[in-house]
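The residues making up each chain are set out below.
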Amino acid sequence: MILIKLGGSIITNKERPLSPRVSTINKITSQLKKIREPYVIVHGGGSFGHYWSVKYDMHTKPARYDTRGVAIVKNSMIQLDKIILDSLVRNRVSPYSLPPTDFMSGNRPIPAKVREIKKIAESGLVPVTFGDALWYGAKKSYILSGDRIMSILAKVLRPRLSIFVLNVDGLYSDFKSKKLIYDMRGSSFSTQDVAMDVTGGMRRKVEEATRISRMGLKVFFVNGNKPQRITDAIQKNKFEGTLFRGS
Ligand code: IPE
């Protein structure tokens, strides 16, 4: 079992609201069709859900956010999900769309529903889920990020590899020189360094990746503009990007 997160910065143009990068998405999905083992796709919000959540000042902390914001974030995520699903179908992959409400109750995963995702993937379908605005209870809502979903699924499904597809080659030890970290185990890099070095989005990815690798699972950051690197990691154990070894 493999988990693949398609980051918002690779599947959309974050500079412009509501702009999918359709040809990049198609290139990625045409690589994904070569995968010959069960896998699950999680995608981010980018210039769809992420854009609206910022506009409506919505965060990961449960609170009484504007109900209009909840509606619009959810609507835009369905729109982006449809673009991903269409691309998969066109490339002869059979996606099975699962909004996170299917396996989450409030901010808790529903274990039986998470385990069902594995069965679905083993049947030959490809479960597809995404970061979203979620009902929390007591008139509150919250933003569940796709990165967080990766940890939630990893904990129960124990994938042999969790891949974060990014718009950069991986984690840089030095942002200016773009010196890539190939192996996080041999690196003195900490989440604190990331906080100083890169944007909030990347920091959250590193936090979730670290969380997953501490479960004893392997995590890989890869550039989605070079989609063959995704299948090279899965099929050839060739890691052109940043690898977090399970520890
Ligand atoms: C998007 O999920 C959540 C929403 C704002 C709807 P992510 O937070 O994982 O999205 P990206 O990958 O950073 O865009």
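As a starting point, this report considers the structure included with it. From a predicted model like this one, the values you see are computed outputs, not experimental measurements. (Residues numbered from 1 in each chain as written. Predicted model: local features only at pLDDT ≥ 70, side-chain atom pairs only at ≥ 80, totals over all residues. Heavy atoms only, no water.)

1. Notes on the pattern of salt bridges
All chains considered together, the criterion is met by 14 salt bridges. Lys82 is the partner of Asp86 in a salt bridge, and the nearest nitrogen-oxygen pair spans 2.8 Å. Highlighted residues: Asp86 and Lys82, both in helix α4 (residues 67–90), separated by four residues, approximately one helical turn. Assessed through its relative accessible area of 31%, Asp86 is described here as partly exposed. The exposure class assigned to Lys82 is partly exposed, which follows from its relative accessible area of 46%. Three or more residues are tied together by salt bridges with common partners; here these are Lys5, Asp147, Arg204 and Lys205. (Salt bridge = Lys/Arg side-chain N within 4 Å of Asp/Glu carboxyl O. Helix = DSSP H or I, 4+ residues; strand = E, 2+ residues; numbered from the N terminus. Buried < 20%, exposed > 50% of the residue type's maximum accessible area, 1.4 Å probe, protein only.)

2. Regarding the packing of aromatic side chains
As enumerated under the stated definition, the model contains six aromatic pairs in all. A ring pair is formed by Tyr51 and Trp52, whose centres lie 5.0 Å apart and whose planes are at 75 degrees; its orientation type is edge-to-face. Taken together, a centroid distance of 4.9 Å and an interplanar angle of 50 degrees make the contact between Phe221 and Phe244 tilted. Of this pair, Phe221 sits in strand β12 (residues 219–223) while Phe244 sits in strand β13 (residues 242–244); the two residues are 23 residues apart in sequence, bridging distant segments of the chain. With a relative accessible area of 0%, Phe221 lands in the buried category. Its relative accessible area of 4% is what places Phe244 among the buried residues. Through a chain of ring-to-ring contacts, the aromatic side chains of Tyr51, Trp52 and Tyr56 assemble into a single cluster. (Phe/Tyr/Trp six-rings, centres within 6.5 Å; stacked < 30°, edge-to-face > 60°.)

3. Let's talk about the environment of Ile149
With respect to the helices, strands and loops of the structure, Ile149 is situated in helix α6 (residues 146–157). Relative accessible area serves as the criterion here: at 0%, Ile149 is assigned to the buried category. The sequence separation of Ile149 and Ile28 amounts to 121 residues, and the corresponding C-alpha distance is 20 Å.

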